[in-house]
Amino acid sequence: MFVALSRFTVANHLSSEVRDAFLHRPHLVDSAPGFVRMEVWNAHESAAEFWLVTYWNDEASFQHWHVNHRHMSHASMPKGLKLVPGSAQVRFFEKFCE
């Protein structure tokens, strides 16, 4: 199991629009080879901070999606969205024990 965890903070008061975009997302990634599931979290103390967690069978599946298809899913984000500089971060995790 491979997990890609993305974190970002919305800078321009579009947090509710970002939430809505995720709630009504086009589900393009759902049929990608190796994709398992996606979770989107809001920080309890900050509605502007989002954590996106995607689960994959392996890193190669994630990398293929990221390089070839990610731009399509980002198209549903609100126009004019700005992030807090330096807030965007992507981390990768590999599950090795249960």
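Computed from a predicted structure; not experimentally measured.

Undergrad: Residue-level account of the nonpolar core, with values.
TA: Ranked by size, the top nonpolar core spans ten residues in total: Phe8, Val10, Leu14, Val18, Ala21, Phe22, Ala48, Phe50, Leu52 and Met77. At the level of elements, helix H1 (15-23) and strand E3 (46-56) are the ones that each hand at least two residues to this core. Excluding residues within four positions of it along the chain, Leu52 makes contact with Ala4, Leu5, Ser6, Phe22, Met38, Glu39 and Val40.

Undergrad: I'd love a proper account of the packing of aromatic side chains, names of residues and values included.
TA: As enumerated under the stated definition, the model contains seven aromatic pairs in all. Arranged with centres 5.2 Å apart and planes meeting at 75°, the rings of Phe35 and Trp56 form a pair that is edge-to-face. Here the residue Phe35 occupies a position in strand E2 (residues 35-43), and Trp56 occupies one in strand E3, the gap between them amounting to 21 residues. The same class applies to Phe35 as to Trp56, namely buried. Members of the aromatic cluster, each reached through a chain of ring pairs, are Phe2, Phe35, Trp56, Phe62 and Phe92. Between Arg37 and the ring centre of Tyr55, over which it is positioned, the NZ or CZ distance is 3.7 Å.

Undergrad: Could you give me a rundown of the layout of surface pockets, with the residues and numbers involved?
TA: A volume near 180 Å³ is recorded for the second largest pocket. Lining the second largest pocket, in full, are Arg19, Phe22, Leu23, Arg25, Met38, Val40, Trp41, Asn42 and Phe50. Those elements that provide at least two residues to the lining of the second largest pocket are H1 and E2. With four residues, E2 is the largest single contributor of residues to the lining of the second largest pocket. The residue makeup of the lining of the second largest pocket, split by class, is six nonpolar, one polar and two charged.

Undergrad: Describe the sheet that holds E2, and please don't skip the residues or the numbers.
TA: Taking strand neighbours across the sheet as the criterion, the four strands line up as E2-E3-E1-E4 in an open arrangement whose pairing is antiparallel. In this open sheet, the two edge strands, each paired with only one partner strand, are E2 and strand E4 (89-94). Strand after strand, the sheet turns through a mean of 15° between neighbouring axes, direction not considered. Relative to E3, strand E1 (residues 2-9) runs antiparallel, the two being bridged by eight bridges. Within the sheet, the bridge partner assigned to Phe8 lies in E3 and is Phe50. Helix-sheet contacts for H1 involve E1, E2 and E3, and the interaxial angle to E3 is about 25°.

Undergrad: Tell me about the pairing of E3, and please be specific about residues and values.
TA: Moving residue by residue along a regular strand, the side chains alternate between the two faces of the sheet. Of all eleven residues in E3, eight are buried, a share of seventy percent or more. Note that E2 and E3 share eight bridges and pair antiparallel. Counterpart to Arg37 in the pairing with E3 is Tyr55. Hairpin connection of E2 to E3: two residues between the antiparallel strands.

What counts and how
- Residues numbered from 1 in each chain as written.
- Predicted model: local features only at pLDDT ≥ 70, side-chain atom pairs only at ≥ 80, totals over all residues.
- Heavy atoms only, no water.
- Core = buried A, V, L, I, M, F, W, Y, C linked by side-chain atoms within 4.5 Å.
- Buried < 20%, exposed > 50% of the residue type's maximum accessible area, 1.4 Å probe, protein only.
- Helix = DSSP H or I, 4+ residues; strand = E, 2+ residues; numbered from the N terminus.
- Contact = heavy atoms within 4.5 Å.
- Phe/Tyr/Trp six-rings, centres within 6.5 Å; stacked < 30°, edge-to-face > 60°.
- Lys NZ or Arg CZ within 6 Å of the ring centre and 35° of its normal.
- 1 Å grid on protein atoms, 1.4 Å probe; cavity = no way out; pocket = protein on both sides within 12 Å on 5 of 7 lines; lining within 4 Å.
- Points joined across faces, edges and corners; volume = space filled by probe spheres on them.
- Nonpolar A, V, L, I, M, F, W, Y, C, P; charged D, E, K, R; others polar.
- Pairing = 2+ DSSP bridges.
- Axes fitted to C-alpha atoms, helices over the stretch in contact; angles between N-to-C directions.

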